[in-house]
Amino acid sequence: MSEPNPRDTVATDPAAAAPAVPERRRRRLGAPLLIGGVLVALIVVLALVSFVWTPYDPGAVDPAARLESASPAHPFGTDRFGRDTLTWIMDGARITLLVGVVAVGIALLIGTPIGILAAVFAQYPWGGWIGAAIMRANDILLAFPALLLAIIFAAVYQPGTGPAMAAVGIASIPGFARVARSGTLQVLGSDYVRAARAANRSPGAIAVVHVLPNIAGMVIVQASVTFAIAVLAEAGLSFLGLGTQAPVPSWGRMLQESQQFLTTHPELALWPGLFIALAVLGFNLLGDGLRDRFDPKMEVR
Amino acid sequence: MLAYILGRFVQFLLSLFVASVIVFALMSVLPGNAAQVALGTNATPEAVAALEARYGLDEPPIVRYLDWVGGMVQGDFGTSYVTGTQITPVIVDSVQVTAIIVVTAIVLAVAIAVPLGTFAALEQRNWVGATISALSQIGIAIPNFLAAILLVMVFSLTLGWFPSQGWTAPIEGFGDFLAGLVLPVVALALVQAAILTRYVRSAVLDVMREDFIRTARAKGLTRTRALFAHGLRNAAIPVITVAGVQLATLLVGAVVIEQIFVLPGIGSELVRAVANRDLLTVQGIVMVLIVLVLIINFIVDLLYPVVDPRLRNAA
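Scoring rules and cut-offs
- What you see as residue numbers is a count from 1 along each chain, following the sequence as written.
- For naming, the first written chain is A and the first written ligand is 1, with later ones following in the order written.
- Two thresholds apply to this predicted model, a pLDDT of at least 70 for residue-level local features and 80 or more for giving and counting side-chain atom pairs, whereas whole-chain, interface and lining totals are computed over all residues.
- Numbered from the N terminus, helices here are DSSP runs of H or I no shorter than four residues, and strands are runs of E no shorter than two.
- Note on contacts: residues are paired as contacts if their backbone-placed C-beta atoms lie within 7 Å.
- With C-beta atoms placed from the backbone, a residue is buried if 20 or more other C-beta atoms are within 10 Å of its own, exposed if 12 or fewer are, and partly exposed between those counts.
- Here, expected helix span is obtained from the residue count minus one, scaled by 1.5 Å.
- By definition, a residue's bend is the angle between the axes fitted to the seven residues ending there and the seven starting there.
- In this count, Pro and Cys sit with the nonpolar residues alongside Ala, Val, Leu, Ile, Met, Phe, Trp and Tyr, while Asp, Glu, Lys and Arg are called charged and the others, Gly among them, polar.
- pLDDT measures the predictor's confidence residue by residue and takes values from 0 up to 100.
- In this analysis, axes come from line fits to C-alpha atoms, helices being fitted only over the stretch in contact, and the angle between any two N-to-C directions falls in the range 0 to 180 degrees.
- Each angle receives one of four descriptions, namely roughly parallel if under 35 degrees, roughly antiparallel if over 145, roughly perpendicular if within 65 to 115, and oblique otherwise.
- Nonpolar cores are built from buried Ala, Val, Leu, Ile, Met, Phe, Trp, Tyr and Cys residues. These are joined into a set through C-beta atoms within 7 Å.

Engineer: Could you clarify how one ought to interpret the overall build of chain A in this entry?
Structural biologist: Secondary structure assignment for chain A yields eleven helices and zero strands. Secondary structure of chain A in N-to-C order comes out as α-α-α-α-α-α-α-α-α-α-α. Sequence-distant contacts in chain A: of pairs separated by 6 or more residues, those separated by 24 or more amount to 70%.

Okay, here's the thing in structure tokens:
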């Protein structure tokens, strides 16, 4: 991390300031970042392992072992068809991560450039209205919450993982655009950008050399928080039957299917519920931890 | 001040117009057409053409758009191609149920979050504040439908205090109405309260660092008194913004809760219409939800100068 940081330039004696930086960084690797990182790693490992090994075949139906409680053979028990719950949790982690990665990817790759453009245009007397128009369009998109857009997509196309990912991604564009815009405006107002302008650097070069590295931290934080939202939205949609379709394992649908056994087999609801909550908690904490690390002045935004 | 209100109103109308175009466009790009979808793939071309003519689906898109918007302005959402019934009464009945649940939930969330968040900020440095922060972090991670299932397990199936599903209109029995309201409202409110607590805490912490609080403390006020006399009003702006966003989120988020508790709200109607491929009904309900979201945003914009007199002149 050697990019020029305006906060660090206050230090008068470089020799004295140099050792202080790593020390401060280490202290800030606090509980949120650690717990968040561990939870996210757990979900990722579950998903990766599921590609090479699961306790059972996810499609394997075993009528003799229907609705079993936890046992050495089935640590998390079995569902109404005798399918192993642990296997389904592991396979379900894949869909959760897939939806998160694709949705965040869409929102990040579209939203960040839009936000940077809006901020850059706002710098020019002729471009003010373009910047304003971009942000107005952004605000209108904000009136379409992820879940609603996903329901519309499910109505127009077939319900499925694809439309769900696209809808959550599109609905998350405004968040990235806002973060990128405010970060860019901050950077563009700094002395080193003024210096770059005086040196006749083109706006494009300034955006790549100065803006991108400096807003990367904020964008990563937004990505982490958006990931948590995507996990929630996918679970909610699958719960409604409008997301991931059978026979692909999904935590949201497991939760929905468990509803009729709440009285007799509550653990069928508890396992997928627990993992949804752990995934969301993990990405939220990761986002918080990263935010503290990238910008100590910012608490909860 | 009047210019500010007018400006916001024009923005509101503009957003409304653009949103209606987007919703209409999304529904019109459907592969195949609405009549074919409604009748199924076995329908003869004559039957499809007849249905199209009956509902004006053979008109050009611009005419259909104007028909649709014109009807909505007069409170007529049209006739469903699938059920053949009027859509407006369905929306009017169901939106009331959703409104009752959602408004009660946001009131409850604010009632929990404001004192809790303020307390967490004042007790920031000891275990009480840390516990509140940790609990709200966990609360945020629990989706409302999971909260609903857990509540049903404990308070309905185990303790038997509240019904696990169903809706009683207030006129049919006020006691049953209240009992049926408890679990859905708590399920929605808990998660939002957790989110809001964090914002209240951070807003109060920000305010406590302000110069006017230091001045008040220098004059001899205690921290708590300084906060109550000068701080809370200043902390209100970010909290109102978030609460507004949350109300909008709840409107849509209630879809899942209504399904779990089998409530005849607008979300249940939306899911049913999607399942029936009843596109005109989907279109109408989506538009109603978006209008409500935009109205909430508009009201939040108007609240800023009311809460903070400094914004009245700036605006």
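Engineer: Would you explain the overall build of chain B in this entry?
Structural biologist: Broken down by element type, chain B carries 13 helices and zero strands. The secondary structure elements of chain B, listed N-terminal to C-terminal, are α-α-α-α-α-α-α-α-α-α-α-α-α. By principal-axis analysis of the C-alpha atoms, chain B measures approximately 85 × 55 × 35 Å. Within chain B, the fraction of its 315 residues that count as buried is 40%.

Engineer: I keep staring at helix H8 (residues 174-208) of chain B and nothing clicks. Help me out?
Structural biologist: Three or four residues apart is the spacing at which side chains of an α-helix point the same way, because the helix has 3.6 residues per turn. Here H8(B) is 35 residues long, yet its end C-alpha atoms lie only 44 Å apart, well below the 51 Å a rise of 1.5 Å per residue gives. At B:Val182, H8(B) shows its strongest bend, of approximately 30°, with the proline B:Pro184 following within four residues.

Engineer: Just checking my understanding: could you explain the interface of chain A and chain B for this structure?
Structural biologist: Accessible area lost during the coming together of the parts is what is often quoted as the interface size. With 32 residues of chain A at the contact, the number on the chain B side is 39 residues. Secondary-structure elements contributing two or more residues to the side of chain A that touches chain B are helix H4 (128-142), helix H5 (146-156), helix H9 (203-240) and helix H11 (267-294) of chain A. For the side of chain A that touches chain B, the element with the highest residue contribution is H11(A), accounting for eight residues. Tallied by class, residues from the side of chain A that touches chain B come to 26 nonpolar, four polar and two charged.

Engineer: Can you help me understand the environment of B:Ala248 in this one?
Structural biologist: When you line up the elements, B:Ala248 lands in helix H10 (residues 223-260). B:Ala248 sits in the buried class, given 25 other C-beta atoms within 10 Å. Setting aside its immediate chain neighbours within four residues, B:Ala248 contacts A:Pro145, B:Val293 and B:Ile296.

Engineer: What is the right way to read H9(A) from this model?
Structural biologist: Residues and elements named next belong to chain A. With 38 residues, H9 should cover 56 Å at 1.5 Å per step; its first-to-last C-alpha distance of 47 Å lies more than 12% under that length. Along its length, H9 reaches its greatest deviation from straightness, about 45°, at Val 211, and the proline Pro 213 lies no more than four positions downstream. With respect to burial, H9 is a largely interior element, 27 of its 38 residues being buried. Just downstream of H9, Gly 241 is the residue with a positive phi angle, here 85°.

Engineer: Sorry if this is basic, but what is going on with the confidence of the model for chain A here?
Structural biologist: Residue and element names in this part refer to chain A. Per-residue pLDDT for chain A averages 80, and the proportion of residues at 70 or more is 88%. By mean pLDDT, the top-scoring element of chain A is helix H6 (residues 161-171) (92), and the lowest-scoring one is helix H1 (residues 14-28) (44). Low confidence marks residues 1-26, where pLDDT is under 50. Its contacts with residues over four positions away, or in another chain, come to six contacts.

Engineer: Would you take a moment to explain the packing of H5(A) against helix H12 (residues 279-307) of chain B for this structure?
Structural biologist: Any two packed helices are characterised by the angle at which their axes cross and by the distance between the axes. Contact geometry for H5(A) and H12(B): axes closest at 11 Å, N-to-C directions at 170°. Taken as axis vectors, H5(A) and H12(B) run roughly antiparallel relative to one another. The segment H5(A) lies against H12(B), with A:Leu148, A:Ile152 and A:Ala155 engaging B:Leu279, B:Val282, B:Val286 and B:Leu289.

Engineer: So what exactly am I meant to see when it comes to the packing of helix H5 (residues 88-122) of chain B against helix H11 (residues 266-275) of chain B here?
Structural biologist: Residue and element names in this part refer to chain B. Closest axis-to-axis distance for the H5/H11 pair is 7 Å, and the angle between their directions is 130°. With respect to H11, the element H5 is oriented oblique. Across the interface between the two elements, Val 90, Ile 91, Ser 94, Val 95 and Thr 98 from H5 touch Ile 266, Gly 267, Ser 268 and Glu 269 from H11. Its residues assigned to classes, the contact of H5 with H11 comprises four nonpolar, four polar and one charged.

Engineer: I tried to follow the nonpolar core on my own but got confused; where do I start?
Structural biologist: Grouped burial of nonpolar side chains is what soluble globular proteins tend to show. All names here are of chain A. Residues Ala 150 and Val 168 are the most contacted members of the largest nonpolar core, which totals 173 residues. No other element matches H9, which puts 19 residues into this core. Those residues in contact with Ala 150 that sit more than four places away from it in its chain are Pro 163, Ala 164, Ala 167, Val 168, Ala 233, Leu 237 and Leu 242.

Engineer: Just checking my understanding: could you explain the environment of A:Glu267 for this structure?
Structural biologist: Along the polypeptide, A:Glu267 turns up in helix H11. Excluding residues within four positions of it along the chain, A:Glu267 makes contact with A:Ser69 and A:Gly77.

Engineer: Just to check I follow, could you spell out unusual backbone geometry for this structure?
Structural biologist: Backbone geometry follows two general trends: most residues other than glycine have a negative phi, and most peptide bonds adopt the trans configuration. Despite not being glycine, A:Asn200 has its phi angle at roughly 70°, a positive value. In this structure, A:Asn200 sits in the loop between helix H8 (191-198) and H9. A tally of 7 C-beta atoms within 10 Å means that A:Asn200 is categorised as exposed. In this model, B:Arg277 sits at a positive phi of 55°, which is unusual for a non-glycine residue. Given 18 C-beta atoms within 10 Å, B:Arg277 falls into the partly exposed group.

Engineer: Please clarify how the environment of A:Gly273 should be interpreted in this entry.
Structural biologist: In this structure, A:Gly273 sits in helix H11. Exposure remark for A:Gly273: the 25 C-beta atoms within 10 Å place this residue in the buried category. Along the chain, A:Gly273 and A:Ala235 lie 38 residues apart, while their C-alpha atoms are 9.4 Å from each other. When residues no more than four places from it in sequence are discounted, the contact partners of A:Gly273 are A:Leu255, B:Leu146 and B:Ile149.

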